[in-house]
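# Understanding the architecture of this molecule
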Amino acid sequence: MKLWHKYALALFIAAVLPVAVAAWQIAGSGATEVAESAREYHTATADVALGAVRALVETATAEARTLGAALAQPAASMDDRLRAARALLTGAQRLENYVVYSPEGELVFPMKAAGATEGEDTAVDVPSPESLPEAVRKVAMDKGVAFSEVITDAKGALYLPLTVRIPKPDGELYAFGWSAVPLANLSAMVSELSERRFGSGSDFVSLVDRQLRVIATANASMLGKSLAGTGPLSGVNDGGIFAKDLAHTVEFTTAAGEERIGAIVPFVDLGWGVIVEQPRDVVYAAVGRVWSSALLVGALFALAALILGTLAGRRLSAPIVGLSQAAGRIAGGDFEVRVPVKTKDEVGALAGSFNSMAEQLTDTIAQLQETTRAKERMQTELDIGRDIQMSMVPRDFPAFPERREFDIHAALEPAYEVGGDFYDFFLVDDDTLCVVVADVSGKGVPAALFMAVTRTMVKAHASAEASTDEILSEVNDELAEGNDECMFVTVFLALVDLKTGAMRFTNAGHNPSYIKRKSGEMIRLDKLHGPVIAAMEDVPYGSADVALAPGDTLIMYTDGVNEAMNANKDLYSEERLARLLEAKQWTDANGAVKVVLDDVWAFQGDADQADDVTVVALRYNGPVAG
Amino acid sequence: MQIETQEKGSALVVAISGSLDTKTAPAAETAIGAILDQGRNHLVVDFSEVDYIASSGLRVLLSTMKRLKKSKGKMFLCGMNPTVREVFDISGFSGIFKILDTQADALAAG
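Keep in mind that what you see is a predicted model, and the values were worked out from it rather than measured.

From N to C terminus, chain A includes 11 helices and 21 strands. Scaling as 2.2 N^0.38, a compact globule of 626 residues should have a C-alpha radius of gyration of about 25 Å, whereas chain A reaches 70 Å, well beyond that. The proportion of buried residues among the 626 residues of chain A is 45%. Put simply, of all contacts in chain A between residues at least 6 apart along the chain, 64% involve residues at least 24 apart. Roughly 30,900 Å² of accessible area belongs to chain A as shown, and the carbon and sulfur atoms make up 55% of that amount. Considering chain A, the positive charge centre built from 54 side chains and the negative charge centre built from 86 side chains are found 12 Å apart.

Structure (structure tokens):
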């Protein structure tokens, strides 16, 4: 995942999450509110219907009383009273018929509206009772009016029978008036109401009586049918729920599978109920709309967050991506790369640090390259010097296989950096051996060349007649002249008479050599006969003589031996060398050299070799007979 | 390796400390060369703080002495510990340089 993806995602989440939560809450409370307002709407609709029903019943009751009062006028004749009553019936808003019963409940006469003939008075369109039951009369006596169960005529029209008490002017009971109030108007009313409140073609308002029969609905086919246990009245089997003035909300699923919600509001006076219901979808469409709006707003926010997040993420990560790319280029070897410092924040600081790092890196690399070049130059020079050095010293052994008077062996192990050791041996004449062991100060090509010059001069001046001090004096004067580099050479020079074993030698600033007698006796040739050569002109040199007996060994070396170091920086030391030579035995020159080298390497261990190590051994065997 | 100088009368005391070996010799040569370039003609080189000297160190002294010889100058060495002194002895440089035990002796000799 790239950095700007993370930035963008973070911003996206930060922006969208609150919006999503808000939308969810809005939609949630919206659903509650919608349910609440739907309930209120349903109840209010039911109240309108109830108001209409109440008005109808009250109007009918009032008309029935007025009509009864006209019949009970004591001053007028019976004909006048009937005429007045008929006129009232004709003008009545709700009443269509009227039947009079005696106080005992026996039928007195039915009457019809004015205009009808006398004889037709006996025919009432609705079935009126033969006599009024005492229960009905009792209610009418107590309350002034009694309502009976809804009845149906031959055509199926519905009527509400009511019974009123007709008092005389003095308050005594005169008779009972009975009328079946047509309810057809109620269906028109609920139909109109349903349409007004819920839109055309809807039948969402209905009126049921105590027996749960539909007594008013826009759907004529439902009239008179019982709703007990079905639809909105699922679980309801009698009109008991209409006895209390308590509205109910209902939720149910129709046989067709449609979910509907609504309210049932009782009309306690009659034990009737108004049912208002409608499809759930329609109600919650509003909630859906809220949801849709929330989703739309949320989506817009999300889109904006995504765009802003992408822009901000790219903008934020751009310098870091730049740094990353620049670092990659540096890693690839492009040290010239720099990043722009645009801001003063952490990223800017990082860019600044990066640039100074690149700067330092450039310098360091430049220095490193320079150093490497210099080192390579020096190394090349050292290598050339070492090549000259090693090409100069005799390395084929045995060196004089035909000579049995002596045996000579030498080893030179050059150090990595420092060192100007050399050795040489040659016969100056048939019976005289010249041996040189030397150490040139300095290193590389100049030291090697100086070494070559020294060796050549020694060879040129060596003769059986010359003494070793004379040879070195001449070599010294020649070398010292014009030696601006101030190089110098420590030299041990010996001339050995192979017939007698007589040896003359000069030590010019060199390490003392040793003689190990055949007897095991050790002799340290410790006297110094002059300073190093090539340092100063006109320096006097001395010499000494020693006699070699058959079986004696002369051991010469350079300071690489006694100054060899181990890992603890301890020096090998001349004392250790002396003890070694005294303790060990060998049978030829090669063996003597090996004894010394083995011990030096064992001592040095893993430590670096600091200086050239040279060991030369000469074993004198004595003159050859004849 | 460090080099400090101090005026003492007509002499300039050059006090060397540390090791005078292949690695430090070039720096010593440069430092002493600069002193000679100033026309100093009378040097007392104090070895009290020198713990080791190699042949490359000897070469620096030799070259210094040769330059002083040309300008009729003089150089005294002093304060060597036994190890350092041994190097001078073994190489025979003891016979070439004027070596004294103490700085006071060296200043008095000049």
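Back to the text.
So, on to the side chain of Asp559 of chain A. Counting through the fold element by element, Asp559 of chain A comes out in helix H9 (residues 559-562). Salt bridges are absent for the buried Asp559 of chain A, whose nearest opposite-charge side chain, Arg59 of chain B, sits at 13 Å. Ignoring sequence-local partners within four residues, the contact set of Asp559 of chain A consists of Asp439, Asn511, Ala564 and Asp611 of chain A.

Turning to the interface of chain A and chain B, a few remarks are in order. Taken residue by residue, the interface counts 20 residues in chain A and 16 residues in chain B. Summed over the three residues of chain A that lose the most area to chain B, namely Cys486, Phe488 and Met536 of chain A, the buried surface amounts to 38% of that side. Viewed at the interface, chain B and chain A are joined by 0 salt bridges. At the junction of chain A with chain B, the criterion picks out 3 residue pairs in polar contact (both at pLDDT 80 or more). Looking at the side of chain A that touches chain B, its residues break down into 11 nonpolar, 6 polar and 3 charged.

On to the packing of helix H1 (residues 25-37) of chain B against helix H2 (residues 55-70) of chain B. Residues and elements named next belong to chain B. Across the interface, H1 lies against H2 with an axial gap of 9 Å and an inter-helix angle of 15°. Judged by the angle between their axes, H1 and H2 are roughly parallel. As for the relative orientation of H1 and H2, their crossing is right-handed in sense. Residue-level inspection shows Ala25, Ala28, Glu29, Ile32, Gly33, Leu36 and Asp37 of H1 in contact with H2, the latter providing Ser56, Gly57, Val60, Ser63, Thr64, Arg67 and Leu68. When its residues are assigned to classes, the contact of H1 with H2 shows 6 nonpolar, 5 polar and 3 charged.

The next subject is a negative patch on the surface. Residue and element names in this part refer to chain A. Together, Glu470, Glu474, Glu478, Glu481, Glu537 and Asp538 give the surface a local cluster of negative charge. Its location among the elements puts Glu470 in helix H8 (residues 468-480). On the basis of relative accessibility, which here comes to 43%, the residue Glu470 falls in the partly exposed class.

All names here are of chain A. Split by domain assignment, chain A resolves into domain 1 (3-181), domain 2 (185-282) and domain 3 (394-620). Inter-centroid distance (C-alpha atoms) of domain 1 to domain 2 is 16 Å. Note on domain 1 versus domain 2: buried area summed over both sides is about 2,200 Å², and carbon and sulfur give 74% of it. Summed over the shared surface of domain 1 and domain 2, the result is 6 residue pairs in polar contact (both at pLDDT 80 or more). Contributing elements (two or more residues each) for the side of domain 1 that touches domain 2: helix H1 (3-71) and strand S5 (158-167). Here the element with the most residues in the side of domain 1 that touches domain 2 is H1; it accounts for 17 residues. Classifying every residue of the side of domain 1 that touches domain 2 by side-chain character gives 15 nonpolar, 3 polar and 5 charged.

Reading guide: rules and limits
Residues numbered from 1 in each chain as written. Chains lettered and ligands numbered in written order. Predicted model: local features only at pLDDT ≥ 70, side-chain atom pairs only at ≥ 80, totals over all residues. Heavy atoms only, no water. Helix = DSSP H or I, 4+ residues; strand = E, 2+ residues; numbered from the N terminus. Rg over C-alpha atoms; globule rule 2.2 N^0.38 Å. Buried < 20%, exposed > 50% of the residue type's maximum accessible area, 1.4 Å probe, protein only. Contact = heavy atoms within 4.5 Å. Areas by Shrake-Rupley, 256 points an atom, 1.4 Å probe, with all protein chains shown as cover. Lys, Arg positive; Asp, Glu negative; His and termini not counted. Charge placed at Lys NZ, Arg CZ, Asp CG, Glu CD. Salt bridge = Lys/Arg side-chain N within 4 Å of Asp/Glu carboxyl O. Buried area = accessible area lost by both parts, 1.4 Å probe. Polar contact = N/O pair within 3.5 Å; in protein donor to acceptor, adjacent residues only side chain to side chain. Nonpolar A, V, L, I, M, F, W, Y, C, P; charged D, E, K, R; others polar. Axes fitted to C-alpha atoms, helices over the stretch in contact; angles between N-to-C directions. Parallel < 35°, antiparallel > 145°, perpendicular 65-115°, else oblique. Left-handed = near helix turned anticlockwise from the far one by under 90°. Patch = residues over 30% accessible without salt bridge, like charges linked within 9 Å, V, L, I, M, F, W, Y side chains within 5 Å. Domains from an automatic or database assignment.

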